[in-house]
Amino acid sequence: ATARVLEHNMKVDKLGHLLEDRTDIDELKKRGIIKETTGLAPALQAKADKLEKKMKSDKLGNLIKRRSSFQDLEQRGILPSSAIPDDLKTERKEGKDYVGMTDKTGENGINEDQKESVPEPLVYQRETKTFHLARILLKIVAMMGETGEITAKAKGTLKDLIVDQDPKILKIAEAFDAEGDLENFKANLLHLTTE
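Since we're looking at a predicted model, the values are computed, not measured.

Trainee: With reference to specific residues and values, describe the overall build of the chain.
Mentor: When helices and strands are tallied, the chain shows 9 helices and 0 strands. Taking all 195 residues of the chain together, 22% fall into the buried category. Within the chain, contacts between residues at least 6 apart in sequence are counted, and of these 53% link residues at least 24 apart.

Here it is in structure tokens:
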């Protein structure tokens, strides 16, 4: 029995020393190991980060789709011909556009008769709207939880609905985004927790 107590005490001492030597949370935040707190539960933080990354990716994709081609910039006098690398000039002569941009042959250098066999690129604009609504919802739910307007259980229920992208909660958020009526928004969220 004393051997077990001694072993237990040794483990407690070792753990105590490890806890004393660990890097403090401010240093971990400075190094980017731990993110600044956003008021979200740690389980939701990863999903919120994933949504934010997806939104940035979608925005960048849309900007790239709309950017001018080298040929267009050259024709408008913005980019001199000498600034275009030779390998890209060769592609233009072959009827292709630079770096996957569109030209007169159609989207991404595809001739109109070839277009039927190539699927249209997916547009994730709906996900961007969903992300925007989810951010609004998460911020308001976190605020309601901090101010005591909802219980921890209700807060958890609402966050589950947000993460699951429940159509009812997204519709409520969309109405708030359009109208801006905070009290009605909160009342509708509270009503969802009682269903």
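Trainee: Give a detailed account of the environment of L133, specifying residues and quantitative values.
Mentor: One can find L133 in helix α6 (residues 125-147). The spatial distance from the C-alpha of L133 to the C-alpha of I169 is 9.2 Å, given a sequence separation of 36 residues. Not counting residues within four places of it along the chain, the set of residues in contact with L133 comprises L170, A173, E174 and D177.

Trainee: Explain a nonpolar patch on the surface to me, using residue names and the numbers behind them.
Mentor: A cluster of nonpolar side chains, namely I25, I33 and I34, defines an oily patch on the protein surface of about 260 Å² accessible area. As for its position among the elements, I25 is in helix α2 (residues 25-30).

Trainee: Requested: an account of the packing of aromatic side chains, with residues and values cited.
Mentor: If you walk through the whole model with that rule in mind, you get 1 aromatic pair. Consider the rings of F176 and F185, whose centres lie 4.3 Å apart with planes at 15°: the pair is stacked. Assessed through its relative accessible area of 2%, F185 is described here as buried.

Trainee: Let's hear about the pattern of salt bridges: which residues, and what values?
Mentor: Pairs can form between side chains of opposite charge once their charged atoms are near each other. If you walk through the whole model with that rule in mind, you get 5 salt bridges. Between K11 and E7 there is a salt bridge whose closest N-O contact spans 3.6 Å. Pair noted here: K11 and E7 are both in helix α1 (residues 2-21), with a separation of 4 residues, about one helical turn. Of the residues examined, K11 reaches a relative accessible area of 55% and is grouped as exposed. You can call E7 partly exposed: its relative accessible area is 45%. Across the pair E27 and R31 runs a salt bridge whose closest N-O atoms are separated by 3.4 Å. The exposure class of E27 is partly exposed, given its relative accessible area of 31%.

Trainee: Quick rundown of the side chain of T130? Include the residues and the values.
Mentor: Tracing the sequence through the fold places T130 in helix α6. Given the relative accessible area of 9%, T130 is considered buried. Excluding its chain neighbours within four sequence positions, the residues that come into contact with T130 are Q165 and L170.

Trainee: Account for helix α8 (residues 167-179), with residues named and values stated.
Mentor: Between the first and last C-alpha of α8 there are 18 Å, a value that for 13 residues agrees with the 18 Å anticipated at 1.5 Å per step. For α8, every residue scored as buried is listed here: I169, L170, I172, A173 and F176. Each buried residue of α8 sits inside an arc of 160° when the element is viewed along its axis, so together they form one side. Every exposed residue of α8 that faces more than 90 degrees away from the buried side is listed here: P167, K171, A178 and E179.

Cut-off values and rules
- Residues numbered from 1 in each chain as written.
- Predicted model: local features only at pLDDT ≥ 70, side-chain atom pairs only at ≥ 80, totals over all residues.
- Heavy atoms only, no water.
- Helix = DSSP H or I, 4+ residues; strand = E, 2+ residues; numbered from the N terminus.
- Buried < 20%, exposed > 50% of the residue type's maximum accessible area, 1.4 Å probe, protein only.
- Contact = heavy atoms within 4.5 Å.
- Patch = residues over 30% accessible without salt bridge, like charges linked within 9 Å, V, L, I, M, F, W, Y side chains within 5 Å.
- Areas by Shrake-Rupley, 256 points an atom, 1.4 Å probe, with all protein chains shown as cover.
- Salt bridge = Lys/Arg side-chain N within 4 Å of Asp/Glu carboxyl O.
- Phe/Tyr/Trp six-rings, centres within 6.5 Å; stacked < 30°, edge-to-face > 60°.
- Expected span 1.5 Å × (residues − 1).
- Arc of directions from axis to C-beta.

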